[in-house]
Amino acid sequence: MKRLRILIDGVSLDVPPGTTVAAAMVEAGRLVVHRSTRLGHPRGMFCGMGVCFACLLSINGRPDVRACLTEVKEGMVVETQQS
């Protein structure tokens, strides 16, 4: 099966097509999605179905994208963010 290559915080990762960004991050052991603005505490994914907005990331330069609802695409650049 063909795999798609994405970058998560500068680290290359190959994932199967149809995978969400959230699932790709979990597969890679990346459980911290962003850090809180005030104290910088690590935040992870919570609901996994687009309800809570806990999985906000910057994807291809666009901030505040929900990782659990976004399917990976070849060459996608994912960056954790302060929120």
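Small disclaimer: the values here were computed from a predicted structure and weren't measured.

Draft legend 1. The pattern of salt bridges, seen in detail. Applying the stated criterion across every chain yields a total of three salt bridges. Residue arginine 3 pairs with glutamate 27 through a salt bridge whose shortest N-O separation is 3.4 Å. One end of the pair, arginine 3, is in the segment before β1 (4–8); the other, glutamate 27, is in helix α1 (residues 21–27), and 24 residues separate them in sequence. By relative accessible area, arginine 3 is classed as partly exposed at 40%. A salt bridge links arginine 30 to aspartate 9, with the nearest nitrogen and oxygen atoms 2.6 Å apart. Of this pair, arginine 30 sits in the loop between α1 and β3 (34–35) while aspartate 9 is found in the loop between β1 and β2 (11–15), placing the two residues 21 residues apart along the sequence. What makes arginine 30 partly exposed here is its relative accessible area of 26%. A residue is classified by how much of its surface remains accessible, and aspartate 9, at 30% relative accessible area, is partly exposed.

Draft legend 2. Geometry of the confidence of the model for the protein chain. Chain-level pLDDT for the protein chain is 90 on average; 98% of the residues reach the 70-or-more range. Confidence, read as mean pLDDT per element, is least for strand β8 (residues 81–82) in the protein chain (75) and greatest for β1 (96).

Draft legend 3. How the structure looks around the nonpolar core. If you look at the biggest cluster of nonpolar residues, it comprises 19 residues, and the most contacted ones within it are Ile6, Val21, Leu57, Ile59, Val72 and Val78. Once residues within four sequence positions are removed from consideration, valine 78 is found in contact with Leu7, Ile8, Asp9, Val21, Leu57, Ser58 and Ile59.

Draft legend 4. Seen up close, the sheet that holds β1. Taken in spatial order, the five strands line up as β2-β1-β7-β5-β6 in an open sheet, and their pairing is mixed. Every interior strand has two partners, whereas the edge strands, β2 and β6 (62–66), have only one. This sheet shows a mean twist of 40° between the axes of neighbouring strands, independent of strand direction. Relative to β2, β1 is paired through five bridges, and the arrangement is antiparallel. In the strand pairing of β2, isoleucine 8 is matched with valine 11.

What counts, and at which threshold
Residues numbered from 1 in each chain as written. Predicted model: local features only at pLDDT ≥ 70, side-chain atom pairs only at ≥ 80, totals over all residues. Heavy atoms only, no water. Salt bridge = Lys/Arg side-chain N within 4 Å of Asp/Glu carboxyl O. Helix = DSSP H or I, 4+ residues; strand = E, 2+ residues; numbered from the N terminus. Buried < 20%, exposed > 50% of the residue type's maximum accessible area, 1.4 Å probe, protein only. pLDDT = per-residue confidence, 0-100. Core = buried A, V, L, I, M, F, W, Y, C linked by side-chain atoms within 4.5 Å. Contact = heavy atoms within 4.5 Å. Pairing = 2+ DSSP bridges. Axes fitted to C-alpha atoms, helices over the stretch in contact; angles between N-to-C directions.

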